Amino acid sequence: MPDTQPATTQNAAPAVRFQDFGLADSILRALADQGYTHPTPIQAEAIPVVLRGHDVMGAAQTGTGKTAGFSLPIIQLLLAHANTSASPARHPVRALILTPTRELADQVADNVKAYSRHTPLRSTVIFGGVDMNPQTAALRAGVEIVIATPGRLLDHVQQKTLNLSQTQILVMDEADRMLDMGFLPDLQRIINLLPRERQNLMFSATFSPEIKKLANSFLKNPVTIEVARSNATADNVTQVLYKVDEETKADAVAHIIRERGLKQVIVFSNTKIGASRLSRHLQKEGVKASAIHGDKTQGERMAALEAFKQGSVEVLVATDVAARGLDIAELPCVINYDLPYNPEDYVHRIGRTGRAGASGDAISLFTDKEARQLADIEKLIKHTIARLQLDGFAPRRASERRSRHEGEEGGSVQRERSPSRSGSPRREKVDPWFLKPYEPAPSEPREEPEAQAAQTRPQKAKVAALLGGVPKR
DNA sequence: AAAAAAC
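Residues numbered from 1 in each chain as written. Chains lettered and ligands numbered in written order. Predicted model: local features only at pLDDT ≥ 70, side-chain atom pairs only at ≥ 80, totals over all residues. Heavy atoms only, no water.

Under an unreviewed UniProt entry, the name given to chain A is ATP-dependent RNA helicase RhlE, and the organism recorded is Noviherbaspirillum aridicola. Database annotation for chain A, UniProt heading Sequence similarities (unreviewed entry): "Belongs to the DEAD box helicase family." (UniProt positions renumbered as here; feature names shortened; annotations may be inferred.)

Following this line, the structure appears as C-alpha cells:
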C-alpha cells in the first residue's frame, strides 16, 4: 500500500513521525503493522488540520497518501469523541466517505479497515452491482464509518437501511471525477441528509470552476492543502509518444509490451469495446491480458483487478474506470492505446505510474486523427511530449515507404507479423515527421535546467535529447 | 464522443 511512505524515502530535515500527531496507540500500532513510521507530505499537512476539526479543500493526486491523510485523523476523532448516544443503532454512521467508482470505494475501505483494526470502530463499503443484502446486514449490525458510491448509498437511504442523521464527517474523494460523472444532484441529496453541523473534507486532483463552486457551496472556511501542482504531471514520469497507424495499433501495443518486457502495465482505451477487443488481441499474441470496464459485471471487474495485483494478469486493458484512484502499488508503466478526449484524463491516467517518488513510464500511441487531443494535452501539461520511433516495429504500409522518404535502410524492415485483413493498401501518405525525432520550434529556448537534470537519468536524457530539452513556456 | 454510476 503506497498510502504512506517508509522512513527511508523521507528527506525533510526534522522528520515528522506518525507518533508526533497524538494519534491513539491503537492507530499507531496499525501503522506499525504495515511498517509505516513517517507521513507523506500531504499526510503531514492534513492530519493536524483534520484533527483540529477544520474543513479541508485538498488538492491531491492519487499516490500521495491522501487516503491515510484523511482516514487516520477521522479514526482518531471518532475514538476521541466516543459515541454516547443510546440505541436504536449503537453504532450510528459517524463518518461518510464518498468516491466516484466502486473499485476506489473498495480500496479506501480496505485502508480504513487496516488503520482501524485495533480499534472498536467498524466500517463497511457500499456500492452498486452487488447483492444489497450483505450490505444491509452490515449496516444493521452497526458501523461508524461508511465508504460508498453515491447511487447505492441513496438506495439504502430510501430502503431505510441507512440513516445519516448522526454523520459528523463527510469526505468527498476525487470530487472532480464525481462532478464529471454527473453525481452533483446525488451529492446534493446526500448532503441534505446530513446534520448541518459537521466537518467536510473535499479532495480533487484538478480545479475547474465547477469544483470551486461546489467547494464554496458546502465547505466552511476550508483550509487548503495542496501537494502537487494542479493539472501538472509528476516529473518522475517519463512520457513518450509513438505515432502509429490505426490498423497496426494493437500490434504496436503487443510489440511495446514484449520489447520492454512489461509485467505490470495498464493500457487505457477510450471505449469499452476497444478495451475488450484489445485484450482479446493481446491474449491471442500470448500476452496475459484482461479487460476492465463498466460493461463487465462487478465480479469480473474485481477478478480482473485481483488477478492483476496477483500477477497472473500482466496487462490490464482498461477504460477510464481505472484512470483515477485505483490503488495499485508502484505501477512502472502505463500505455495510452487511445489519447483521452478530456486532457485532464491524461493527467489522471499517467498518474497511475511513478507514484510515491518511484520513476515511471507513460507511453502514448497516437494517430493522425488524434492531433487535436494531443495538442490539448500538451497545452494542459504545459510542455511537449517526446515523439519517439517505435524501434524494430514495422507498421505495414508505412514501413514499405520508409526508404523513399528518409533514405533509411529498407533492410531493417521486418516482415509483417500478421497478413493484412483488408489487403488493399488505402493509406498512401506517410508522415515523414514520424520518422525523425520531434524538433521544437526554433523560437523555443534550448537550454533549461531540466535538461541538465535529465542527463543524470539515461532514459530521460535520451528523451530530452530528442526533445531538445524543451519545457515549453 | 465516451466513460462511470442504482434498481
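From this point, things continue past the structure.
Right, let's talk about the overall build of chain A for a bit. What chain A contains, in helices and strands, is 18 helices and 14 strands. Taking the intrachain contacts of chain A between residues at least 6 apart in sequence as the baseline, contacts between residues at least 24 apart amount to 76%. By element, 50% of the accessible surface of chain A is carried by carbon and sulfur atoms, the whole surface being about 21,500 Å². (Helix = DSSP H or I, 4+ residues; strand = E, 2+ residues; numbered from the N terminus. Contact = heavy atoms within 4.5 Å. Areas by Shrake-Rupley, 256 points an atom, 1.4 Å probe, with all protein chains shown as cover.)

Pairing is parallel in the open sheet, where 7 strands are placed in the order S3-S4-S2-S5-S6-S1-S7. The open sheet is flanked by strand S3 (123-126) and strand S7 (223-226), the only strands paired with a single partner. Pairs of neighbouring strands in the sheet enclose a mean axial angle of 15°, with direction left out of account. As paired strands, strand S1 (residues 56-59) and S7 are joined by 4 bridges and run parallel to one another. When the sheet's bridge partners are listed, Ala-59 is paired in S7 with Glu-226. (Pairing = 2+ DSSP bridges. Axes fitted to C-alpha atoms, helices over the stretch in contact; angles between N-to-C directions.)

Helix length check: helix H10 (residues 249-260), at 12 residues, gives a terminal C-alpha distance of 16 Å against a target of 16 Å (1.5 Å per residue), a fit within 8%. Among the 12 residues of H10, 9 are classified as buried, and the element is accordingly described as predominantly covered. What H10 keeps buried is the set Lys-249, Ala-250, Asp-251, Ala-252, Val-253, Ala-254, His-255, Ile-256 and Ile-257. Gly-261 sits one or two residues past H10 and shows a positive phi near 60°. (Expected span 1.5 Å × (residues − 1). Buried < 20%, exposed > 50% of the residue type's maximum accessible area, 1.4 Å probe, protein only.)

Another aspect to go through is the UniProt feature "domain: DEAD-box RNA helicase Q" (unreviewed entry) in chain A. Here the UniProt feature "domain: DEAD-box RNA helicase Q" (unreviewed entry) sits at residues 16-44. Between the end C-alpha atoms of residues 16-44 the distance is 7 Å, and the span holds 45% helix and 0% strand.

If you check the shell around DNA strand B, you find 19 residues, and the closest are Thr-149, Arg-152, Gly-294, Arg-301 and Tyr-341. In DNA strand B, atoms within 4 Å of the protein come from the sugar-phosphate backbone in 78% of cases. In this structure, Gly-128 approaches DNA strand B through a main-chain N or O atom, which is 3.1 Å from a phosphate oxygen. For DNA strand B, a phosphate oxygen lies 2.8 Å from a polar atom in the backbone of Lys-272. (Near = heavy atom within 4 Å. Polar contact = N/O pair within 3.5 Å; in protein donor to acceptor, adjacent residues only side chain to side chain.)

The full count for this structure, using the stated rule, is 2 aromatic pairs. Note on Phe-18 and Phe-21: the rings are 6.5 Å apart at their centroids and 55° apart in plane angle, and the pair reads as tilted. For the pair formed by Phe-18 and Phe-21, the shared burial category is buried. One residue, Lys-249, lies across the ring of Tyr-337, its end atom 4.7 Å from the ring centre. (Phe/Tyr/Trp six-rings, centres within 6.5 Å; stacked < 30°, edge-to-face > 60°. Lys NZ or Arg CZ within 6 Å of the ring centre and 35° of its normal.)

What you see with strand S10 (residues 289-292) is no split at all: Ala-289 and Ala-291 on one side and Ser-290 and Ile-292 on the other are buried throughout. Strand direction decides the pairing type here: S10 and strand S11 (residues 315-318), joined by 4 bridges, are parallel. Across the sheet, residue Ser-290 finds its bridge partner in S11, namely Leu-316.

Throughout the structure, instances matching the rule amount to 18 salt bridges. Between Arg-189 and Asp-186 there is a salt bridge whose closest N-O contact spans 3.1 Å. Here Arg-189 pairs with Asp-186, and both are found in helix H8 (residues 184-193), just 3 residues apart, close to one helical turn. According to the relative accessible area criterion, Asp-186 is buried, its value standing at 17%. Each member of the salt-bridge network shares a partner with another, and the members are Lys-66, Asp-173 and Glu-174. (Salt bridge = Lys/Arg side-chain N within 4 Å of Asp/Glu carboxyl O.)

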